[in-house]
Amino acid sequence: MKYDCGITKDKKWFRYRAAAIIVEEGCVLFAGNEIDDYYYSIGGGVHMGETAEDAVKREVYEETGVHYEVERLAVIHENFFNENMGTLKGMDCHEVSFYFFMKPRGTKQLNSDSYSQGVRETMHWIPIEDLDKHKAFPTFMKDFLQSEYSGIEHIVTDERV
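Residues numbered from 1 in each chain as written. Predicted model: local features only at pLDDT ≥ 70, side-chain atom pairs only at ≥ 80, totals over all residues. Heavy atoms only, no water.

## Focus: the environment of Ile-35
Then step 1. Position of Ile-35 among the secondary structure elements: in the loop between β4 (27–33) and β5 (39–45).
Then step 2. With 86 residues separating them along the chain, Ile-35 and Glu-121 place their C-alpha atoms 9.4 Å apart. (Helix = DSSP H or I, 4+ residues; strand = E, 2+ residues; numbered from the N terminus.)

Laid out in structure tokens, this is it:
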């Protein structure tokens, strides 16, 4: 059995996550599902004993049905938030995510048939310039993708209310 690198104690939740930034034809790939009213980045929990790079390749394949190659590490994101629904309802959450640029393939075609915790996921190519018109997490993505990024960015987001 595989275990994600995360801890839940009392009303606190922490997770180490690997995520992908997949850009094709001016669009960035996000996931959605049948329950939540927002989009989220492709990725998931890093398993114990797994590198972040291996985790992102595994997660991308699980969610898209396509083997993408890693281009480079782009962002280390520390995210603080409170969850109001689902399995994390009422939790004070802290997530550290490594975001990797994936090498473009020259096509937006996917073979996705993904389920997360029994809920069907759908993939959505969102034009980068329209990201602010969608409820999409992480919230830094549009500004980051429209900036002159180089090296590895460290971004801290605190969305606790």
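## Observations concerning helix α1 (residues 52–64)
Then step 1. Under the 1.5 Å per step criterion, the end-to-end length of α1 is 18 Å for 13 residues, consistent within 8% with the ideal 18 Å.
Then step 2. Contacts from the buried residues of α1 go to β2 (12–21), β4, β5, β6 (70–82), β7 (92–102) and β9 (119–127).
Then step 3. Where α1 ends, the next residue or the one after it, Gly-65, has phi of about 75°, a positive value. (Expected span 1.5 Å × (residues − 1). Contact = heavy atoms within 4.5 Å.)

## With respect to the nonpolar core
Then step 1. By size, the foremost hydrophobic cluster in this structure holds 21 residues, and its most contacted members are Ala-20, Ile-22, Ile-42, Val-56, Val-60, Tyr-68 and Met-102.
Then step 2. Counting residues per element, the ones that place at least two in this core are β2, β4, β5, α1 and β7.
Then step 3. Of the residues forming this core, the biggest block, four residues, is contributed by α1.
Then step 4. Apart from residues lying up to four places away in sequence, Ala-20 is in contact with Ile-42, Val-56, Val-60, Tyr-99, Phe-100 and Met-102.
Then step 5. Among the nonpolar cores identified, the runner-up in size contains 17 residues, and Ala-74, Ile-126, Leu-131 and Phe-144 belong to it. (Core = buried A, V, L, I, M, F, W, Y, C linked by side-chain atoms within 4.5 Å. Buried < 20%, exposed > 50% of the residue type's maximum accessible area, 1.4 Å probe, protein only.)

## A closer look at the pairing of β2
Then step 1. Strand direction decides the pairing type here: strand β1 (residues 6–9) and β2, joined by four bridges, are antiparallel. Bridging from a neighbouring strand, Ile-7 pairs with Phe-14 of β2.
Then step 2. Here β1 folds back onto β2, and the loop between the two strands holds two residues, one of which, Asp-10, carries a positive phi near 55°.
Then step 3. Here β2 pairs with β7 via 10 bridges, running parallel. Bridge pairing in β7 places Ala-18 opposite Phe-98. (Pairing = 2+ DSSP bridges.)

## Some points on the pattern of salt bridges
Then step 1. Scanning the entire structure with this criterion turns up 12 salt bridges.
Then step 2. Among the salt bridges present, the one from Lys-108 reaches Glu-25, with a minimum N-O distance of 4.0 Å. Remark: Glu-25 occurs in the loop between β3 (23–24) and β4 and Lys-108 occurs in the loop between β7 and β8 (115–116); sequence separation between them is 83 residues.
Then step 3. Between Lys-57 and Asp-54 there is a salt bridge whose closest N-O contact spans 3.9 Å. Note that Lys-57 and Asp-54 are positioned in helix α1 at a spacing of three residues, about one turn of the helix.
Then step 4. In the salt-bridge network here, residues are joined through shared partners; they are Glu-50, Arg-58, Glu-59 and Glu-62. (Salt bridge = Lys/Arg side-chain N within 4 Å of Asp/Glu carboxyl O.)

## Notes on the layout of surface pockets
Then step 1. Of the volumes computed, that of the largest pocket is approximately 1,500 Å³.
Then step 2. The wall of the largest pocket is formed by 48 residues, among which Arg-15, Asp-36, Tyr-38, Glu-83 and Leu-88 lie closest to the centre.
Then step 3. Here the lining of the largest pocket takes five residues from β5, the largest share from any one element.
Then step 4. When grouped by side-chain class, the residues that make up the lining of the largest pocket number 15 nonpolar, 19 polar and 14 charged. (1 Å grid on protein atoms, 1.4 Å probe; cavity = no way out; pocket = protein on both sides within 12 Å on 5 of 7 lines; lining within 4 Å. Points joined across faces, edges and corners; volume = space filled by probe spheres on them. Nonpolar A, V, L, I, M, F, W, Y, C, P; charged D, E, K, R; others polar.)

## Thoughts on the side chain of His-47
Then step 1. Along the chain, His-47 falls in the loop between β5 and α1.
Then step 2. Judged by relative accessible area, His-47 falls into the buried class, the value being 14%.
Then step 3. Excluding residues that lie within four positions of it along the chain, His-47 makes contacts with Lys-2, Tyr-3, Asp-4, Cys-5 and Arg-58.

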